[in-house]
Each structure stands twice: as C-alpha cells, then as structure tokens.
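One letter stands for each residue in the lines below.
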Amino acid sequence: MLDFEFEIIDENTINLRYQYGGEWLTFNLFLREGDWILHPFQGILLQNRDMCRLVVTDLLQNKTFHMMLAKQHITLSSVRSSVDLGQAAAPTIDSGDRGDRRRYQPQDEISDFIQEHSLETIHQMELELLGRRKTLYSEILQRMFMDGINPSDEEFLAIQNIVRAYSDAMSRLSGDSESSNQDSKRRW
C-alpha cells in the first residue's frame, strides 16, 4: 500500500495525501510567485508546529513525492513550506532568491483567490473538477460491469451512488452558476 497520493487540480494546484504514523494527512501544493507552496490542512498540523515540521520534513524526503514533482516538472528546490521548518516560530514563506521573508497567512491566499477569480470562473473550475471525478467513477463502473459484476451487487451500487452524487452536484452547481452569472465581477 502506498503512503502518498496526489490529485492534480489544475496546472498550479495539486492536492496531496500523505500517510504518517498510520494517519492520512492532507496538503495543498500551489504555485505562488514562482514558488510551489506546501500547505497542511489538518488542525493537528496547524495547531502543533513541532508535529507539522516532523511530517513536512518526512514528506520532503519521500521518494514517491520526489517522483511526482519530477513528473510535474517541479524542482524540489522550488518547493517552500508554509511552515518554517527551522524554528518553532509562526509559519513563514521563504521566497528563495528574492531574499525577503513574509508572514504566510491562509487568509491572504483566500483573498488572492477571490481577487483573481470571478464567481463564473470558480463555478467553471468546480464543474470541471466534478466532471473529472464523475468520469473516473463512471469508468470504474463500466469496468465492473464488463467484469461481470451486476447492478444488484453492493459494491456496484456504491460506485453507482458516487456517480449519481457527482451528477447531482454538477446539476445543482450548473443551476446556481446560471442564476449568478448576471454579476460575475461582484465579490462576496
């Protein structure tokens, strides 16, 4: 069993899952000002800097992580952590050869995202993500059927429910985006 999984969201964002101590932890790797920022999402890591440093340091030494970076044409030297790995201080971003250090605040990332994307763009990004997930599970369903697993099988029904859930989510999101397209420049 692998201890590392990833999903490419778009050319500037990769979601990562890393198993450490028997627990799966979620990270986001995103491009910001020429650097790839590795940011943890679990409260256990955000609230415990020492633990976060241990996990991030271990992840940065993981060979599967290195291969994923290489396949995505990301150099290890361009990866920065939103958590300062050298000290027990608040998280910072090392901006590399620019020589300056800034405080990293997740609110800034969200604010930047809001400023850089219209509501219409956000809807489209989510629809594309849902579409990719629906396609994946639809293909799994087709292979199950081709392997002789019939629609009365419990696992077949479970995968079918996942496909339905993605379809329903896409329908609802499509309906919401049509009604909100009138003022796509507005910020909430």
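Draft legend 1. Structural detail: the nonpolar core. The biggest cluster of nonpolar side chains holds 20 residues, and the ones touching the most others in it are Leu16, Phe27, Leu29, Leu38, Leu59 and Met68. The element that contributes the greatest number of residues to this core is helix α2 (residues 49-60), accounting for 4 residues. Ignoring any residue separated from it by four or fewer positions in sequence, one finds Phe27 in contact with Ile14, Asn15, Leu16, Tyr18, Leu38, His39, Pro40, Phe41, Leu45, Val55, Val56 and Leu59. Counting residues in hydrophobic clusters, the runner-up holds 6 residues, among them Tyr137, Met144, Phe156 and Val163.

Draft legend 2. A look at the sheet that holds strand β4 (residues 35-40). Reading across the sheet, the 5 strands line up as β1-β2-β3-β4-β5 and stay open at both edges, with mixed pairing between neighbours. Unpaired on one side and paired on the other, β1 (4-10) and β5 (79-81) mark the two borders of the sheet. With strand direction ignored, the average angle separating the axes of adjacent strands in the sheet is 25°. Sheet analysis places strand β3 (residues 23-32) next to β4, joined by 6 bridges and oriented antiparallel. Paired with Asn28 across the two strands is His39, which belongs to β4. In this fold α2 packs onto β1, β2 (13-20), β3, β4 and β5, with an angle of close to 105° to the strand it touches most, β2.

Rules of the game
Residues numbered from 1 in each chain as written. Predicted model: local features only at pLDDT ≥ 70, side-chain atom pairs only at ≥ 80, totals over all residues. Heavy atoms only, no water. Core = buried A, V, L, I, M, F, W, Y, C linked by side-chain atoms within 4.5 Å. Buried < 20%, exposed > 50% of the residue type's maximum accessible area, 1.4 Å probe, protein only. Helix = DSSP H or I, 4+ residues; strand = E, 2+ residues; numbered from the N terminus. Contact = heavy atoms within 4.5 Å. Pairing = 2+ DSSP bridges. Axes fitted to C-alpha atoms, helices over the stretch in contact; angles between N-to-C directions.

In short, shape yes, function no, at least from these values alone.
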